[in-house]
Amino acid sequence: MGTMGTVLWSVLGILALVFGVLVFTLDSMARVTFALLASLVCVGGVVTVLGLPYLGVVIVLMMVMEMVIMAVFMIAYMMNPAGLMPMSMLHNRRGALAVSGAVFAALVVGIFLVPWPDRTGDRPKDTTFQLGMALMEEQMLTMVTLGFVLLATMVGATVLATRRGRYDRFGDDLDQRPAGDPAGGGVGR
């Protein structure tokens, strides 16, 4: 990693921490959602800078979709207007501070006490393939199959949830010309 990579890594890491702190200091669910989104996008950037671009992009895409869905549901279903009413994200402040401080201290001590291995050999040419093999190995076929099953389930659920089909505007025998709009009457119905 060159100088530019180090600077980018440092800036994204600091921004991820700042937005992570904002998650617990902002006073509304909507603002907290977007602070968490910004923090996780910065984490995806850090992972990308560290040489795993595929994993970094997947983190960013997953977190963006998750936070957008969360914001939409907050706007649609929360009792206060769009989660903008003042509230506190902190519960049991003393206990949470003690536990988080102890965990943070243990992790920092672990960073310096663990004997980190030195790199052996050359860096692989395709880090994405290596990551995929490390994560999936012999389960790749299972995961690909599950992906198609989930896609078919989503498409099937959408088809079953809609009241009208593709050819409903042509009538029951598909002979209605000009085509009518089954939802709102119109020509042909």
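Okay, so let's go over this structure. All values derive from a computational prediction rather than experimental measurement.

**Brief notes about the overall build of the protein**
Right, so step 1: If you tally the helices and strands in the protein, you get six helices and zero strands.
Right, so step 2: Taking the intrachain contacts of the protein between residues at least 6 apart in sequence as the baseline, contacts between residues at least 24 apart amount to 49%.

**With respect to helix α2 (residues 29-49)**
Right, so step 1: An ideal rise of 1.5 Å per residue puts 30 Å on 21 residues; α2 measures up with 30 Å between its terminal C-alpha atoms.
Right, so step 2: Taken as a whole, α2 has its buried residues at Met29, Ala30, Val32, Thr33, Ala35, Leu37, Ser39, Cys42, Gly44, Gly45, Val46 and Val47.
Right, so step 3: In this fold, the buried residues of α2 make contact with α1 (3-25) and α3 (53-77).
Right, so step 4: Looking one or two residues beyond α2, the residue adopting positive phi is Gly51, at roughly 105°.

**Notes on the packing of α2 against α3**
Right, so step 1: Running from amino to carboxyl end, α2 crosses α3 at an angle of 175°, the nearest separation of the two axes being 7 Å. When the axis of α2 is compared with that of α3, the two are roughly antiparallel. Mapping the contact onto sequence places Met29, Ala30, Thr33, Phe34, Leu36, Leu37, Leu40, Val41, Gly44, Val47 and Thr48 in α2 and Pro53, Leu55, Gly56, Val57, Ile59, Val60, Met63, Val64, Met67, Met70, Ala71 and Met74 in α3.
Right, so step 2: When grouped by side-chain class, the residues that make up the contact of α2 with α3 number 19 nonpolar, four polar and no charged.

**Digging into the packing of α1 against α2**
When two helices pack together, their arrangement is given by the angle between the helix axes and by the axis-to-axis distance.
Right, so step 1: Between α1 and α2, the shortest axis-to-axis distance is 8 Å and the interhelical angle comes to 155°. Relative to α2, the element α1 is oriented roughly antiparallel. Of the two elements, α1 crosses α2, and the hand of that crossing is left-handed. Contact residues: Gly5, Leu8, Trp9, Leu12, Gly13, Leu15, Ala16, Phe19, Gly20, Leu22 and Val23 in α1; Val32, Ala35, Leu36, Ala38, Ser39, Cys42, Val43, Gly45, Val46 and Val49 in α2.
Right, so step 2: Grouping the constituent residues of the contact of α1 with α2 by class yields 16 nonpolar, five polar and no charged.

Parameters at a glance
- Here the residue index of a chain counts from 1 through its sequence in written order.
- Two thresholds apply to this predicted model, a pLDDT of at least 70 for residue-level local features and 80 or more for giving and counting side-chain atom pairs, whereas whole-chain, interface and lining totals are computed over all residues.
- Side-chain calculation: all heavy atoms of the structure are included, whereas hydrogens and water are not.
- Secondary structure counts use DSSP, requiring at least four H or I residues in a row for a helix and at least two E residues in a row for a strand, with both numbered from the N terminus.
- The contact rule is simple, with two residues in contact once any of their heavy atoms fall within 4.5 Å.
- One less than the number of residues in a helix, times 1.5 Å, gives the span that helix is expected to have.
- The cut-offs for exposure are 20% and 50% of the maximum accessible area for each residue type, with area from a 1.4 Å probe on protein chains only; residues under the lower value are buried, those over the upper are exposed, and the others partly exposed.
- Axes here refer to lines fitted to C-alpha atoms; in helices the fit is confined to the stretch in contact. Angles between the N-to-C directions go from 0 to 180 degrees.
- Under this scheme an angle from 65 to 115 degrees is roughly perpendicular, one under 35 degrees roughly parallel, and one over 145 degrees roughly antiparallel; angles in between are oblique.
- Residues are grouped as follows: nonpolar covers Ala, Val, Leu, Ile, Met, Phe, Trp, Tyr, Cys and Pro; charged covers Asp, Glu, Lys and Arg; every other residue, Gly included, is treated as polar.
- Left-handed describes a crossing in which the near helix is turned anticlockwise from the far one by less than a right angle; the clockwise case is right-handed.

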